[in-house]
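As a plain string of letters, each chain reads:
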Amino acid sequence: MVYGNDNVDLAEGLFNFFLPQHCVVCFRYVSSSSGSPLCEHCLSRISFLRTPFCVRCGRPVAGGNILFCRRCRSFSFHFDEARAVTLYETPIRECIHALKYQGVLSFAPFFVNLLAEYMEDHPFLRDVDYILPVPLHPKRLKERGFNQTLLLARGLSARFGIPLLEKAVVRWKHTVPQVGLSLRERRKNVQNAFRIIRPTPFQGSRVLVIDDVLTSRATVDALSKILKEAGCATVRVLAIASGK
Ligand SMILES: [Zn+2]
Ligand SMILES: [Zn+2]
């Protein structure tokens, strides 16, 4: 079942009806009215990604005086800045899995809140013309039934009144999952994966790309490349979590 624009609220409503009453990680009881996939204890264990991190790609770096990570010192991504709110570790990893692979759509507002709070604290992420979710290939969309980054982007668009670009870019190359691939293979895998079908809005614009997890950043980099080629002035990326 593919949730289109109009019936996703209904889908969320149905999933809410089955909102888990237990913490995704430790199975302690969680009041459904809290809207949280985590109990208080597990909420307190979230590893927020704080400084020092690479000012370009947002990856944690070891020393306090280092501006760029080792990769960004020798390689230039096409996006201007990428940031992630947390590290991709327990308990956030389990919450993302529940949303993405078990289809617990009722967790989406929890992530929208995490991302929105980060955007409140970092105004440059709100200073954009459009919000763009990382598109899924139609085949994967059919398998999964929804695009989790679209749910997040839609929530943020509504929260901040920033227009959502939902159908301007498509993922036309069906790529194998990036897990287990080397950096070079990941780059090759997502090369030319995206195609712009509505180029008009991009000329001179500032775009915020929303993703769930950043690992090698190869996917958001491939997307940023075509956005820059279409005339985007600035491409920023915000994700829930980053690998180390
Ligand atoms: Zn818990
Ligand atoms: Zn970096």
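To start, this report covers the structure provided alongside it.

Each value, and the rule that gives it
Residues numbered from 1 in each chain as written. Chains lettered and ligands numbered in written order. Predicted model: local features only at pLDDT ≥ 70, side-chain atom pairs only at ≥ 80, totals over all residues. Heavy atoms only, no water. Donors = N, O, S within 2.8 Å, 3.2 Å for Na, K, Ca; no water. Tetrahedral: all angles 85-135°; square planar, octahedral: opposite > 155°, others 65-115°. Core = buried A, V, L, I, M, F, W, Y, C linked by side-chain atoms within 4.5 Å. Buried < 20%, exposed > 50% of the residue type's maximum accessible area, 1.4 Å probe, protein only. Helix = DSSP H or I, 4+ residues; strand = E, 2+ residues; numbered from the N terminus. Contact = heavy atoms within 4.5 Å. Pairing = 2+ DSSP bridges. Right-handed = clockwise from strand over helix to strand, strands pointing away. Phe/Tyr/Trp six-rings, centres within 6.5 Å; stacked < 30°, edge-to-face > 60°. Lys NZ or Arg CZ within 6 Å of the ring centre and 35° of its normal. Axes fitted to C-alpha atoms, helices over the stretch in contact; angles between N-to-C directions. Expected span 1.5 Å × (residues − 1).

## A word on the coordination of the zinc ion (ligand 2)
Bound to the zinc ion (ligand 2) are the protein donor atoms Cys54 (SG), Cys57 (SG), Cys69 (SG) and Cys72 (SG), situated 2.3 to 2.4 Å from the metal. One can describe the donor arrangement at the zinc ion (ligand 2) as tetrahedral, given that its 4 donor atoms subtend angles of 106 to 116 degrees at the metal. Binding-site remark: the zinc ion (ligand 2) is held by donors from one chain whose sequence spacing is C-x2-C-x11-C-x2-C.

## Brief notes about the nonpolar core
Formed by 44 residues in total, the largest nonpolar core has its most connected members in Phe111 and Leu238. A total of 9 residues in this core trace back to one element, the largest contributor, which is helix H5 (residues 108–121). Apart from the residues lying within four places of it in its own chain, the contact partners of Phe111 are Cys95, Ile96, Leu99, Leu152 and Ile240. Core analysis: the next-biggest nonpolar cluster, separate from the first, contains 31 residues, Ala193, Val207, Val237 and Ala239 among them.

## Observations concerning the pairing of strand E1 (residues 81–87)
Burial runs high along E1: 6 of the 7 residues are buried. Across 6 bridges, E1 lies against strand E6 (residues 234–242) in parallel orientation. Residue pairing across strands places Arg83 opposite Leu238, the latter belonging to E6.

## Describing the pairing of strand E5 (residues 206–214)
Note on strand geometry: in a regular strand, side chains alternate between the two faces of the sheet. Counted residue by residue, E5 has 8 buried out of 9 residues, so it is predominantly covered. As paired elements, strand E2 (residues 130–133) and E5 share 4 bridges and run parallel to each other. In the strand pairing of E5, Tyr130 is matched with Val207. In this fold, the crossover linking E5 to E6 by way of helix H9 (residues 218–229) has right-handed handedness.

## Considerations on the coordination of the zinc ion (ligand 1)
The coordination sphere of the zinc ion (ligand 1) contains the protein donors Cys23 (SG), Cys26 (SG), Cys39 (SG) and Cys42 (SG), at a distance range of 2.2 to 2.3 Å. Classification of the site at the zinc ion (ligand 1) rests on its 4 donor atoms, whose angles at the metal span 102 to 118 degrees, yielding the label tetrahedral. For the zinc ion (ligand 1), all donor residues lie on one chain, and their spacing in sequence is C-x2-C-x12-C-x2-C. Highlighted residues: Cys23 in the loop between helix H1 (8–17) and helix H2 (40–43) and Cys42 in helix H2, separated in sequence by 19 residues.

## Quick look at the packing of aromatic side chains
As enumerated under the stated definition, the model contains 3 aromatic pairs in all. Taking the centre distance of 4.7 Å and the plane angle of 15 degrees together, the rings of Phe77 and Phe79 count as stacked. Aromatic pair Phe110 and Phe111: ring centres 5.3 Å apart, planes at 65 degrees, arrangement edge-to-face. Accessibility classification places Phe110 together with Phe111 in one group, the buried group. Grouping aromatic residues by their ring pairs yields a cluster made of Phe75, Phe77 and Phe79. The ring of Phe75 has Arg187 lying over it, and the distance from NZ or CZ to the ring centre is 4.0 Å.

## Focus on the sheet that holds E6
Reading across from one edge, E1-E6-E5-E2 is the order of the 4 strands in this open sheet, with parallel pairing throughout. Each edge of the open sheet is held by one strand with a lone partner, namely E1 and E2. In this sheet, adjacent strand axes meet at a mean angle of 20 degrees when their direction is disregarded. Running at roughly 130 degrees to E6, H5 makes contact with E1, E5 and E6 of the sheet.

## Side note on helix H4 (residues 92–100)
Considered for burial, the residues of H4 that qualify are Ile92, Cys95, Ile96, Ala98, Leu99 and Lys100. The inward-facing, buried residues of H4 abut E1, H5, helix H6 (138–144), helix H7 (148–160), E5 and E6.

## Digging into the side chain of Ser157
Tracing the chain through its elements places Ser157 in helix H7. The exposure class of Ser157 is buried, given its relative accessible area of 13%. Apart from the residues within four sequence positions on either side, Ser157 is in contact with Ile131, Ile162, Pro163 and Leu164.

## Points about H5
For H5, with 14 residues, the first-to-last C-alpha span of 20 Å sits near the 20 Å given by 1.5 Å per residue. When H5 is considered as a whole, its buried residues turn out to be Ala108, Phe110, Phe111, Val112, Leu114, Leu115, Ala116, Tyr118 and Met119.

## Some remarks on the environment of Tyr130
In this structure, Tyr130 sits in strand E2. Sequence separation between Tyr130 and Cys232 is 102 residues, and the spatial gap between their C-alpha atoms is 11 Å. Ignoring sequence-local partners within four residues, the contact set of Tyr130 consists of Ile162, Pro163, Leu165, Pro201, Ser205, Arg206, Val207 and Leu208.

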